[in-house]
Amino acid sequence: MSNRMLNKQFPGPSIFKLITDMFIISVIALDATKYFFISNAFIILFITSAFVLFIATRTTMSSRTLNSCVLLILFCIVSAISLFWCGDYPGSVIRLRSVILITIMQIFIILTLEEGYIQHIEKCILIGTFVLVMIVLIEGGGIHFPFNESGRLGTGIVDSNAFGKLLALSSIISLHFFITKKEDKYLIIYLLLIALVVLTQSRSAILLAVVFSVALFMVHRNKFKRWQVIMLIVFLMLAFFVLYSVGFINYFFERIFKMLAYYKTGNEFYDYSAYSRLMLKKVGVQCFLNKPILGYGIGMSGLLLDNSYFHDNYIQISVELGLVGLFTYYLPFVICLRRIYKNKNYLLVIIILFLMFSDIYNTTYYQKFSRIIFAMCMLSCCKSHRTNS
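These remarks concern the structure in this document. Here the structure is a predicted model, which means the values were calculated and not measured.

So, on to the overall build of the protein chain. Each helix and strand counted, the protein chain has 16 helices and 0 strands in total. Here the protein chain holds 389 residues, and 51% of them are scored as buried. Long-range pairs, those at least 24 residues apart, make up 75% of the contacts in the protein chain with a sequence separation of at least 6. Surface summary for the protein chain: the accessible area is close to 18,700 Å², and the carbon and sulfur share equals 68%.

The next subject is the pattern of salt bridges. If you walk through the whole model with that rule in mind, you get 3 salt bridges. Note that Asp31 and Lys368 form a salt bridge whose closest N and O atoms lie 3.5 Å from each other. Of this pair, Asp31 sits in the loop between helix H2 (13-30) and helix H3 (36-57) while Lys368 sits in helix H16 (residues 368-388), placing them 337 residues apart in sequence. Overall, Asp31 belongs to the partly exposed group, its relative accessible area being 22%.

On to the layout of surface pockets. There is about 600 Å³ of room inside the second largest pocket. Around the second largest pocket, the lining comprises 23 residues; the ones closest to its centre are Tyr190, Ile194, Val198, Val210 and Leu236. Among the elements of the structure, helix H8 (184-199), helix H9 (203-219) and helix H10 (226-245) are those that each provide at least two residues to the lining of the second largest pocket. If one sorts the elements of the lining of the second largest pocket by residue count, H10 sits on top with 9 residues. Looking at the lining of the second largest pocket residue by residue, the class counts come to 22 nonpolar, 1 polar and no charged.

Position of Ile118 relative to the elements: it lies in helix H6 (residues 118-140). On the accessibility criterion, Ile118 (6% relative accessible area) is buried. Separated by 230 residues in sequence, Ile118 and Leu348 have C-alpha atoms that sit 9.9 Å apart. Residues contacting Ile118, with those up to four places away along its chain left out, are Leu348, Met376, Leu379 and Ser380.

This part takes up the nonpolar core. Residues Phe23, Phe46 and Ile351 are the most contacted members of the largest nonpolar core, which totals 99 residues. Each residue touching Phe23, except ones within four places of it in the same chain, is listed here: Phe42, Ile43, Phe46, Met105, Ile109 and Ile372. Core analysis: the next-biggest nonpolar cluster, separate from the first, contains 11 residues, Leu280, Phe288, Phe310 and Ile315 among them.

What counts and how
Residues numbered from 1 in each chain as written. Predicted model: local features only at pLDDT ≥ 70, side-chain atom pairs only at ≥ 80, totals over all residues. Heavy atoms only, no water. Helix = DSSP H or I, 4+ residues; strand = E, 2+ residues; numbered from the N terminus. Buried < 20%, exposed > 50% of the residue type's maximum accessible area, 1.4 Å probe, protein only. Contact = heavy atoms within 4.5 Å. Areas by Shrake-Rupley, 256 points an atom, 1.4 Å probe, with all protein chains shown as cover. Salt bridge = Lys/Arg side-chain N within 4 Å of Asp/Glu carboxyl O. 1 Å grid on protein atoms, 1.4 Å probe; cavity = no way out; pocket = protein on both sides within 12 Å on 5 of 7 lines; lining within 4 Å. Points joined across faces, edges and corners; volume = space filled by probe spheres on them. Nonpolar A, V, L, I, M, F, W, Y, C, P; charged D, E, K, R; others polar. Core = buried A, V, L, I, M, F, W, Y, C linked by side-chain atoms within 4.5 Å.

Interpretation in functional terms is not warranted from these geometric data alone.
Here it is, written out as structure tokens:
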């Protein structure tokens, strides 16, 4: 259903679009902070207004849209069934509530938004990222401003690794806008975001930013002249040198050298972070082998690890929901990736691959901003089919 039809059939679709914008921006910027109650309010407002819009316009679903919604619901069903062998652990119910809420959000994004709105969502992601940057700068304070005690960009209410991942993803989006729109402001935004990624000292975020920036350049390599690529590389090297000279990224190199020393010697003294995460992965694999089909139940990682988590979405889902849960969670990713690749929407292909690779370093199945970004990708493969058919 086109936006013009919505304007005729539903009073105030522009209000719904405003609510959707605020919903996306607030989830991106506030959900991982102490201001999460604001994003929760916009989530409820978005779901309510989307439900009213869906009923009022009597939107018909294509078979592809219906199948996508069923795939999302399937993971919820598997998660809910796992409560039967979770016992009375309260963390399981809390985690299930998050999964159900996120799934409802994803379904209404797919049902009520149009493919043309995707680029607007991408801009909302950029806005939300910069709102979070401002929160980090404002909340930083103290002698370490704007870094935390370890010298990493972030505060006590924002995890530096998750923050770095969001910055890296936003940098990819801004680079795509610069390449396709030829507007210099997006190059400035990209360079600024890359600098912020480096300042988070997140090794995984820096790796993701570099790898997928190169991937995007390779996809659009015919749109660049050689001297432009050389100038950009030189500028990035100079910026990196300046950051190193003023001491902003010395801790990053220290972390890299410690990690290399740990992997060379096996001595946890050099890098306890790498050691502990490797141990968590080994524990997770062993737990998975004990119950490989259905797992221990949703949220049970908190009980197995004394309120900790595996720092790996693949292992976390495998331990909690077994192969059944892992299959139902990632099947929509694989199907969506295949369809979008056929449609030659390479930015969304890169975004899906970004999300899947970042899951090696993060637990994201209950992370709202990651699931909203994936819903945007699902929206494309559903509605582009409707347009082409």
